[in-house]
Amino acid sequence: NHCGRRFYITGLWGPSAATLRDTSEPILINTSETIFTAGVAGGVSLERQRGRLRLETEWLQRDYFKSQVVAPGSFAVATNNWSVMANAWRDFMFTKRLGCYGGGGIGGGGMKVGAIQPGGSPIFDNAATAFAWQAGGGLIYELNHQVTFDISYRWYQVTDFEVDGGGIVATDDFDFSANQVMFSLRVFEPLGFLRR
């Protein structure tokens with residue numbers, strides 16, 4: 001075993017199969033698009049039998065979402081799509097280098113949601129935030145004592161966020177979810193790594 005507690009930072013990136021659903025009018029807006037997601041996380045790793053427990057804070061930013069809806073020529077859009085999560089992950093090592101992990105987190109997510117009709121003018125574009133959660137797991141490969149690569153799957157959900165209808169309707173309620181495939185590069189004790 002290495003020392004009992006180590007700090008780390010992680011860079012994350014990958015594609016997300018995202019779905020935006022208007023819970024007020026799900027027939028009109030229930031649409032999906034593949035978008036790019038990237039961000040950073042930082043936390044502490046606690047050594048456990050055959051692995052470790054990782055507690056971290058994660059920030060992710062998601063790319064521009066635009067997908068056609070039922071009305072001909074109309075699009076649902078989402079911008080400024082971010083999340084801040086407090087996560088707990090449990091690593092299990094099969095060998096000294098190869099392992100897997102599972103866990104999840106809770107936090108908050110936000111975005112601007114709108115609709116574009118034929119002609120290109122948005123109906124509304126207002127920011128909203130709501131409770132968010134995620135769960136998933138992945139495979140770990142330790143390149144060396146300080147650097148770990150992993151690939152993971154995560155289900156991300158931000159639900160019941162309410163936006164101002166911009167005079168069209170008083171309010172509109174949305175759900176946003178994403179099947180995320182994330183590639184991560186984790187550096188333990190990054191200041192020590194930079195001193196080398």
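Residues numbered from 1 in each chain as written. Predicted model: local features only at pLDDT ≥ 70, side-chain atom pairs only at ≥ 80, totals over all residues. Heavy atoms only, no water.

### Some remarks on the nonpolar core
Filter applied, for reference: Definition of nonpolar core: a set of buried residues of the types Ala, Val, Leu, Ile, Met, Phe, Trp, Tyr and Cys, connected through side-chain atoms within 4.5 Å. The classification of residues rests on relative accessible area computed with a 1.4 Å probe and restricted to protein chains. Under 20% of the type maximum is buried, over 50% is exposed, and intermediate values are partly exposed. Numbering of helices and strands runs from the N terminus, with a helix taken as a DSSP run of H or I at least four residues long and a strand as a DSSP run of E at least two residues long. Only heavy atoms enter the contact rule, under which two residues are in contact if any of them lie within 4.5 Å.
The biggest cluster of nonpolar side chains holds 21 residues, and the ones touching the most others in it are Leu-20, Val-158, Phe-161 and Phe-176. Counting residues per element, this core draws most heavily on strand β8 (residues 147-164), which supplies four residues. Excluding anything up to four places from it in sequence, Phe-176 contacts Ala-18, Thr-19, Leu-20, Ile-35, Arg-62, Phe-65, Asn-81, Met-111, Tyr-156, Gln-157, Val-158 and Phe-161.

### A few points about unusual backbone geometry
The phi angle at Arg-50 is positive, at roughly 60 degrees, despite the residue not being glycine. Counting through the fold element by element, Arg-50 comes out in the loop between β2 (30-48) and β3 (51-62). The phi angle at Asn-80 is positive, at roughly 50 degrees, despite the residue not being glycine. Accessibility expressed as a relative area gives 44% for Asn-80, which makes it partly exposed.

### Digging into the packing of aromatic side chains
Inclusion rule: Between 30 and 60 degrees the pair is tilted, below 30 it is stacked and above 60 it is edge-to-face, where a pair is any two Phe, Tyr or Trp rings, Trp via its six-membered ring, whose centres lie within 6.5 Å. For a lysine, the NZ atom is tested; for an arginine, the CZ atom; a charge sits over a ring if that atom is within 6 Å of the ring centre and within 35 degrees of the ring normal.
Summed over the entire model, instances satisfying the criterion amount to five aromatic pairs. On the numbers, 5.6 Å between centres and 55 degrees between planes, the contact of Tyr-8 with Phe-188 is tilted. Linking Tyr-8 in strand β1 (residues 5-22) with Phe-188 in strand β9 (residues 171-188), this pair joins segments that are 180 residues apart in sequence. With a relative accessible area of 1%, Phe-188 lands in the buried category. Both rings, one in Phe-65 and one in Phe-176, keep their centres 6.3 Å apart while their planes meet at 75 degrees; by these two values the pair is edge-to-face. Of the two residues, Phe-65 sits in strand β4 (residues 65-68) while Phe-176 sits in strand β9, which places them 111 residues apart along the sequence. Look at Phe-65 and you get buried, because its relative accessible area is 0%. Accessibility expressed as a relative area gives 0% for Phe-176, which makes it buried. Among the aromatic residues, those joined into a cluster by ring pairs are Phe-65, Tyr-156 and Phe-176. A cation over a ring is seen here: Arg-62 above Tyr-156, with NZ or CZ 3.8 Å from the ring centre.

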